[in-house]
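This is what each chain is made of:
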Amino acid sequence: MSVLDALNGEVFTAFGQHVIWSDMIGNTIGLAALALGWRRSIWTWPAQFLSGVILVAAYASAHLSGGVGKQLLVIGVALWGWRQWQRGRQQAQDGSIAVRFAGRRERVLLVAGTALGTAAVGGLFTLYPQLSWNPWPDAYIFVGTLAAMVAQARGLVEFWFAWLLVDVVGVPLAFSSGLAFSGLVYVVYLALVVWGMRDWWLRSRAVADRTVLEGAAA
């Protein structure tokens, strides 16, 4: 038995849903990565990298090319995000990762890039049905995940809003694709996203208030 076959082997069945090893392990690590991101720990990026590597097997087993592509993007962006946060820690006096709200231009680029990217990828999946059996939701998650990770790497609070929008589509798609554990983890993601959003929001406001006070004192 190959490693790939072992990863896609069934762990257990619950409520008629078959849970496979790659789905369970990859998403458990992904859940830990999200919690580490909430805590602004740089170890969120190695965790996302490992989660992406394992989940490639899970999405390949479900014949979701968008999911596979998404995890390949996760792997690539995780390496870039690690580098960005390393630089951020070196530049910060207290060694922490600064978080902030995106500027108007950044928000426009994120929204426009996500919309155009989803249209392009969705059109590709529609033209080549063998790439995905559910092209538009698959494309939406593919591009939305990329947008969320780029925002996270830049320390933008909007990162959490992007994940929330991805989860809204990701939960039903995961269950309908036979990836039950992914669906359950997405539900837990929602809770973490809400708490993480609150934490980063408050931190960004505290930094902004401190900057105003320092400017007034100067």
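In this text the structure is predicted, and so the values were computed from the model without any measurement. (Residues numbered from 1 in each chain as written. Predicted model: local features only at pLDDT ≥ 70, side-chain atom pairs only at ≥ 80, totals over all residues. Heavy atoms only, no water.)

A. Representation of helix H5 (residues 104-127) in the model. End to end, H5 covers 34 Å across 24 residues, agreeing with the expected 34 Å (1.5 Å per residue, within 8%). Of all the positions in H5, only Glu106, Gly117, Thr118, Val121, Gly122 and Phe125 are classed as buried. (Helix = DSSP H or I, 4+ residues; strand = E, 2+ residues; numbered from the N terminus. Expected span 1.5 Å × (residues − 1). Buried < 20%, exposed > 50% of the residue type's maximum accessible area, 1.4 Å probe, protein only.)

B. Main features of the side chain of glutamine 71. Structurally, the position occupied by glutamine 71 is in helix H4 (residues 65-91). A relative accessible area of 4% means that glutamine 71 is categorised as buried. Not counting chain neighbours up to four residues away, the residues in contact with glutamine 71 comprise Ser51, Gly52, Leu55, Val56 and Tyr59. (Contact = heavy atoms within 4.5 Å.)

C. Representation of the nonpolar core. Membership of the largest hydrophobic core comes to 37 residues, with the highest contact counts inside it found for Leu34, Trp45, Phe159, Trp160, Trp163, Tyr186 and Trp200. Those elements that place two or more of their residues in this core are helix H3 (44-61), H4, helix H6 (135-153), helix H7 (158-176) and helix H8 (180-217). Once residues lying within four places of it in the same chain are set aside, the contact partners of tryptophan 160 are Leu34, Gly37, Trp38, Leu192, Val193, Gly196, Met197 and Trp200. In this structure, Phe125, Ala139, Phe142 and Val143 belong to the second largest nonpolar core, which totals five residues. (Core = buried A, V, L, I, M, F, W, Y, C linked by side-chain atoms within 4.5 Å.)

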